[in-house]
Amino acid sequence: MYPGPVPPPPPPPARASTNGRLESQAAGGREPAFRGDIQGLRAVAVLLVVAYHAGVPFLPGGFVGVDVFFVISGFLITGVIDREIGRTGTINLARFWARRVRRILPAAAVVLAAVAVMTLLVLPVTRWPSIAWDLVTSSLYVVNWRFADQSTNYMAYEDAASPLQHYWSLAVEEQFYLIWPLMMLAVLWLQRRYRLPLTKAMLFGVAAIGVPSLVWSVYATWTGPAAAYFVSTTRLWELAVGAALAVVAHRLVRLPAAVAHSIGVAGMAAIVVAACTFDETTRFPGIAALLPTAGAAAVLAAGVSRRRTIAGAVLDTPVLRDIGAMSYSLYLWHWPLLVGATAQWGGADGELSVAMGLLVVGFSAVPAWLTYRTVEAPLHRSVQLVRFPRRAAAVGAVCTAIGLSAAMMVSIAAPVSNARAGGQDILGAVALDRDPAEYDLPDAVDVIVPDVLDAPADVATLDGERRCISGVEGTELESCTYGPDEGDVTVAIVGDSKMHQWLPALRRIADERGWRIITYLKNACPLVRVPIEYDGEPNRDCAEYNRDRYEAIVDDESIDYVITSQAQSHALLDRDDTTDQELTAMADDLRRTWSELEDAGHDVIVMIDNPSPPFDVVECVAENRDQLGECAFDKEAAMGQGGRPAQTAALDRIDGVGSVDLANYVCPGDQCPPVIGNVLVYRRGSHISATYADSLTTAIDEGVADAL
C-alpha cells in the first residue's frame, strides 16, 4: 500500500534516431519534455494511499495507488534507458544507478532518522527491537521480504504496524532498478548478436520478466495472499507493464484524438473503480491488480501523443502538479506520523478516527514539503552529482549509513529485560487464593514475569522444547505425543493457538495423572467443518487439514478424551449474511462436531476461550508500570470476543459435553487486570502467557475433573 519513488517524467517521442526509434524533440532529443499529466497521476496515486491510510470510508481500495506508482516507475525508468540506448548504443550503469541514488536515498534517509527519534520518544519500548530491524532492512532495501515473512507469522498477526511498513514498495522498486538495466544490457547484446529489431528485443526482455511474474502473482495471491502482497516477484509485472508501454511509446504518437480521449478517461475510471470497490478482502495483487495497473497504463498512453486529452486536462493542473512533485516525500512522511499518532491518541480499539487521521496526513505535508525543498530536489538536481557519479555513490553510502546508525541507536536504547530482578514471589493465579473476586490489583509491582520485553517469546511448549503447533499455511497433519505409551488415559489436545496456550498446565496434569497426550494443533484453525476465514481470505488450508485431523481423531480408538478450544466464533458465509448468522453457523457446527466425537467414544471437554483485551496489554504495561490500573479492561465486553460466544452457544444446546471456564481466573472481578501475582497475564494479543497458564494448573485440573 505504499507508492515508491518515481524518476523524472518520460519523453514524448517525436523524431527518428539512428537506431530506428523515436526521441524527443526537446533539448535536441536528449531530454524528455515535461508531462504535467504524469505529475497529476502521481498526485492521484499518493492521495489515494494517504486517504486509505487515514481511514476514509469511501476509498477502501486506496492501496491501489501503489500499483499506479509501479506502472509510472516502470514507464519512466525504461524511457530513460531507451533514450540512452538511442543516444549512445549502451547503458552507463554507474550513471543510471547514481541517478537513482540522488532521487531516492536522501529523502528516505531523512525519514529513517526521524522514525528512529520518533520511536524513542513516542512508541512503546516493546516495539523498539523490531523497529531496529525494520530500520536495518529498510536501509538495505530488503524490508519487503521481512514483512512478507512476518505476514505469515500467525503469532505476529495482532502486532501493531511498523512505522516503516510503507518502505516495502521502495524496496520493490530498488530491487527492480538493480536488475532492470542489467536485463536491458543482456537484451541489447542478444539484439546485436542475432540482428533482431530493437523494439521486439526489448519487448521480449520485458515479457521475460513480466509474464512469469504475473503468473506467479496470480498463484501466490491465491495460495498465500499475505506474503504475496509484499514480495518483489509478485510485483515486477506491474513495473513491466509500464516498461512495455515505454518501449512502444513511439508507435502511439499518432493516436487518433478520439482514441486518446477514450483510453485516458477509461484509465482514470479503472483507477477510481478499483479504489472505491476493492477492500481488504480483495485478493491482491493477482488478477485484481490488473484493473488499476491497466488504468494507469491507459492514462500514460493517452498522454504520449501530447494532445490535450480529457484525462490530461483533469490531471495537468497546478495543484495536482505541486502535489505530484512532492508525492515521494509526502508518501515517506505520512505513514510514520500516522503510526506515532495512533500510539498516542488511538482509541480503545487502537485506531485513530477518520477526522484525526486526515488531520495527521494533512500535517504530514509540512515535513514533506520541507524535505522536498531542502533535501530531495536539491540533491536530485545537483550539477556536481550529475557530472560526477562517484560523488552520488558517496551520497548513497552516507544515506545507508544514516539508516544503519538510526537502527543502532534504537537497538542500544532498548531496555534490557529484568524479569527476575528483586527476588519476589512469582505466584500468578496462585495469588487469587481460591477467591478470584477478592483480588486487588496493585498500582505497581517491583517485578513482572515475563518481562514486557520477553512476553512475545513466553510461548507454550509441551516439554520445554517443542511447541507442537502447525503454522497457518500447510495441510500436512502433524502431531506430538507426550507421556507413557501405555498410559491408562489418552487425551487429544485439539484446536488452534487458543488451545495450544494451555499446554504448560496440561503437561503438568498429565505428569501427575499418568496421561498420554496427543496434540493436533494448528494456528488459526479450530476443529470445525464449516468454512472459516483468516486475514480476510477463506482458510482453505485449515479446511483440508481439518478433514484429516477429524478422521484421525475419530479413527483412533485409544483416545479417551478430546480437549478443545478456539479463537473464532464466526463461520465464513455469504457477504449478505449477518454476524449473528455467522455465529449461529459456527455454534451449530461445533455442536455437531462434538456430538460426533462423543458418538465415536471420545469424551469432549471444551476449554472456553479466555476474555479478549481490546488493546495491546503488553504495550500498555510497558508504558504504565507504575499505574497498572490503566491497563485493566471491562470483563463483560472482553467475554463477548474471541471463540467464547460460539462455544457457549453450542454448549447451551448440547448435553454430555463438559467445559472448563477460566474467565474468573483471568478476569477476577468486573475488571481484567494485566498482572496477577507478579505474572503478566497476556503475552500477545488475546493469548495467555505460558507463565500464567502454568500457574493455572490447579484450576484447570479441578475444572477438567469436574467436566469428566
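Quick notes on the rules
- Residues numbered from 1 in each chain as written.
- Predicted model: local features only at pLDDT ≥ 70, side-chain atom pairs only at ≥ 80, totals over all residues.
- Heavy atoms only, no water.
- Helix = DSSP H or I, 4+ residues; strand = E, 2+ residues; numbered from the N terminus.
- Expected span 1.5 Å × (residues − 1).
- Buried < 20%, exposed > 50% of the residue type's maximum accessible area, 1.4 Å probe, protein only.
- Contact = heavy atoms within 4.5 Å.
- Core = buried A, V, L, I, M, F, W, Y, C linked by side-chain atoms within 4.5 Å.
- Phe/Tyr/Trp six-rings, centres within 6.5 Å; stacked < 30°, edge-to-face > 60°.
- Pairing = 2+ DSSP bridges.
- Axes fitted to C-alpha atoms, helices over the stretch in contact; angles between N-to-C directions.
- Parallel < 35°, antiparallel > 145°, perpendicular 65-115°, else oblique.
- Nonpolar A, V, L, I, M, F, W, Y, C, P; charged D, E, K, R; others polar.
- Patch = residues over 30% accessible without salt bridge, like charges linked within 9 Å, V, L, I, M, F, W, Y side chains within 5 Å.
- Areas by Shrake-Rupley, 256 points an atom, 1.4 Å probe, with all protein chains shown as cover.
- Salt bridge = Lys/Arg side-chain N within 4 Å of Asp/Glu carboxyl O.
- Lys, Arg positive; Asp, Glu negative; His and termini not counted.
- Charge placed at Lys NZ, Arg CZ, Asp CG, Glu CD.
- Disulfide = S-S within 2.5 Å.
- Left-handed = near helix turned anticlockwise from the far one by under 90°.

Asks: What is the right way to read helix α21 (residues 540-555) from this model?
Replies: Since the α-helix advances by 3.6 residues per turn, residues separated by three or four positions end up pointing in the same direction. For α21, built from 16 residues, the straight-helix expectation of 22 Å at 1.5 Å per residue is met to within 8% by its first-to-last C-alpha distance of 23 Å. For α21, the set of buried residues is Cys 542, Tyr 545, Asn 546, Arg 549, Tyr 550 and Ile 553. Those residues of α21 hidden inside the fold are in contact with β4 (490-495), β5 (516-521), β8 (561-565) and α22 (579-599).

Asks: Explanation requested: the nonpolar core in the structure shown.
Replies: Soluble, globular proteins show a tendency: their nonpolar side chains are buried together. Counting 173 residues, the largest nonpolar core has Leu 135, Tyr 167, Trp 180, Ile 493, Trp 502, Tyr 692 and Ile 700 as its most contacted members. Residues in contact with Tyr 167, not counting those within four places in the same chain, are Ala 108, Val 111, Leu 112, Ser 138, Val 143, Tyr 331 and Leu 332. The next biggest cluster of nonpolar side chains, apart from the first, holds 29 residues, and it includes Tyr 550, Ala 571, Ala 587 and Leu 590.

Asks: Hey, could you run me through the environment of Val 361 in this one?
Replies: By the secondary structure assignment, Val 361 is in helix α15 (residues 354-363). A C-alpha to C-alpha distance of 9.5 Å links Val 361 and Tyr 331, two positions 30 residues apart in sequence. Excluding its chain neighbours within four sequence positions, the residues that come into contact with Val 361 are Val 50, Ala 54, Leu 330, His 334 and Leu 338.

Asks: How should the packing of aromatic side chains be read in this particular structure?
Replies: Given two aromatic rings, their pairing is described by the distance between the two centres and the angle made by the two planes. Counted by the stated rule, this structure contains 14 aromatic pairs. Between Tyr 52 and Phe 63, the aromatic rings sit 5.4 Å apart at their centres with planes inclined by 75 degrees, giving edge-to-face as the arrangement. With Tyr 52 in helix α1 (residues 36-54) and Phe 63 in the loop between α1 and α2 (65-88), the pair connects residues that are eleven residues apart, well separated along the chain. Look at Phe 63 and you get buried, because its relative accessible area is 4%. Three or more aromatic residues link up through ring pairs in this structure, and these residues are Tyr 52, Phe 63, Phe 70, Phe 147, Trp 168, Tyr 229, Phe 230, Phe 278 and Phe 284.

Asks: Would you explain α2 in this entry?
Replies: Helix length check: α2 (24 residues) gives 35 Å between terminal C-alpha atoms against 34 Å at 1.5 Å per residue, within 8%. For α2, the buried fraction is high: 22 of the 24 residues fall into the buried class. Positioned one or two residues after α2, Gly 89 has a phi angle of 80 degrees, which is positive.

Asks: Can you walk me through the environment of Glu 486 in this structure?
Replies: Along the chain, the position of Glu 486 falls in the loop between β3 (480-482) and β4. The class of Glu 486 is exposed, set by a relative accessible area of 71%. Once the C-alpha coordinates of Glu 486 and Ala 406 are considered, the two residues, 80 residues apart in sequence, prove to be 57 Å apart.

Asks: What is the right way to look at the sheet that holds β8 in this model?
Replies: One key point about sheets: their strands pair by backbone hydrogen bonds, in either a parallel or an antiparallel sense. Strand order in the open sheet formed by six strands is β3-β5-β4-β8-β9-β11, with mixed pairing between adjacent strands. The outermost strands of the open sheet, each flanked by one partner alone, are β3 and β11 (658-660). Going across the sheet, the axis of each strand differs from the next one's by a mean of 20 degrees, ignoring polarity. Across three bridges, the pairing between β3 and β5 is antiparallel. Within the sheet, the bridge partner assigned to Cys 480 lies in β5 and is Thr 519. Packed on one face of the sheet, helix α25 (residues 644-651) meets β8, β9 (603-607) and β11 and runs near 140 degrees to β9.

Asks: Would you take a moment to explain the packing of α15 against helix α16 (residues 365-380) for this structure?
Replies: Packed helices, taken two at a time, are described by their axes: the angle between them and the distance between them. Put simply, α15 and α16 touch, their axes get as near as 4 Å, and they point 15 degrees apart. Relative to α16, the element α15 lies roughly parallel. The residues of α16 that touch α15, namely those facing Val 361, Gly 362 and Phe 363, are Ala 365, Val 366 and Pro 367. Across the contact of α15 with α16, the residue classes break down as five nonpolar, one polar and no charged.

Asks: Explain the pairing of β4 here, please?
Replies: Look at any regular strand and the pattern is simple: side chains alternate between the two faces of the sheet. The buried fraction of β4 is high, at six of six residues. Covered by surrounding structure in β4 are Thr 490, Ala 492 and Val 494 together with Val 491, Ile 493 and Gly 495, the residues of both alternating faces. Inspection of the sheet shows β4 paired to β5 by six bridges, in the parallel sense. By the bridge assignment for β5, Thr 490 is matched with Arg 516. Both β4 and β8 contribute to a ladder of five bridges, which runs parallel. Among the inter-strand pairings, Ala 492 is bridged to a residue of β8, identified as Val 562.

Asks: Sorry, what's going on with a negative patch on the surface here?
Replies: A cluster of acidic residues, Glu 544, Asp 548, Glu 551, Asp 555 and Glu 557, forms a negative patch at the surface. Within the element layout of this structure, Asp 555 appears in helix α21.

Asks: I'm lost on the state of the cysteines in this one. Help?
Replies: In a disulfide, the sulfur atoms of two cysteines are held together by a covalent bond. Under the defined criterion, the tally for this structure stands at four disulfides. With a sulfur-sulfur separation of 2.2 Å, Cys 468 is cross-linked through a disulfide to Cys 480. Residues Cys 468 and Cys 480 share a disulfide whose torsion about the S-S bond is about -100 degrees; that sign makes it left-handed. Here the residue Cys 468 occupies a position in the loop between α18 (389-413) and β3, and Cys 480 occupies one in strand β3, the gap between them amounting to twelve residues. An identical accessibility class is assigned to Cys 468 and Cys 480; each is buried.

Asks: I keep staring at the pairing of β9 and nothing clicks. Help me out?
Replies: With four of five residues buried, β9 lies mostly within the body of the structure. Pairing of β8 with β9 involves four bridges; the strand directions are parallel. Looking at β9, one finds that Ile 563 is bridged to Ile 605. In this structure, β9 lies alongside β11, joined through three bridges in parallel fashion. In the sheet register, Val 606 faces β11, and the bridge partner there is Ser 659.

Asks: Looking at this structure, I do not really get the pattern of salt bridges. What am I missing?
Replies: Any two side chains of opposite charge can pair, given that their charged atoms come close. Under the counting rule described, the total for this entry stands at 19 salt bridges. Residues Glu 619 and Arg 127 are paired through a salt bridge, measuring 2.5 Å at the closest nitrogen-oxygen approach. Taken together, the residues Glu 619 in helix α23 (residues 617-623) and Arg 127 in the loop between α3 (93-122) and α4 (128-139) connect sequence positions 492 residues apart. Owing to a relative accessible area of 14%, Arg 127 belongs among the buried residues under this scheme. The residue Asp 511 makes a salt bridge to Arg 507 at a minimum N-O spacing of 3.7 Å. In this pair, Asp 511 and Arg 507 both sit in helix α20 (residues 503-513), four residues apart, roughly one turn of the helix. Given the relative accessible area of 22%, Arg 507 is considered partly exposed. The network of salt bridges with common partners includes Asp 67, Arg 235 and Glu 238.

Asks: I'm lost on the side chain of Glu 582 in this one. Help?
Replies: Along the chain, Glu 582 falls in helix α22. Judged by relative accessible area, which is 16%, Glu 582 ranks as buried. Dropping the residues within four chain positions of it, Glu 582 is found in contact with Ser 569, His 570, Ala 571, Leu 573 and Asp 577.

Asks: Explain the side chain of Thr 119 to me, please; I cannot follow it from the model alone.
Replies: With respect to the helices and strands, the residue Thr 119 is situated in helix α3. Residue classification places Thr 119 among the buried residues on the basis of a relative accessible area of 0%. Apart from the residues within four sequence positions on either side, Thr 119 is in contact with Trp 128, Ile 131 and Val 410.

Asks: Is there a simple way to explain the packing of helix α7 (residues 198-223) against helix α9 (residues 236-248) in this structure?
Replies: Across the interface, α7 lies against α9 with an axial gap of 8 Å and an inter-helix angle of 160 degrees. With respect to their mutual orientation, α7 and α9 come out roughly antiparallel. Seen along the crossing, α7 lies across α9 with a hand that is left-handed. In this structure, α7 uses Thr 199, Met 202, Leu 203, Val 206, Ile 209, Gly 210, Ser 213, Leu 214 and Ser 217 to contact α9, whose residues at the interface are Leu 236, Trp 237, Ala 240, Ala 243, Ala 244, Val 247 and Val 248. Per-class residue counts for the contact of α7 with α9 are twelve nonpolar, four polar and no charged.

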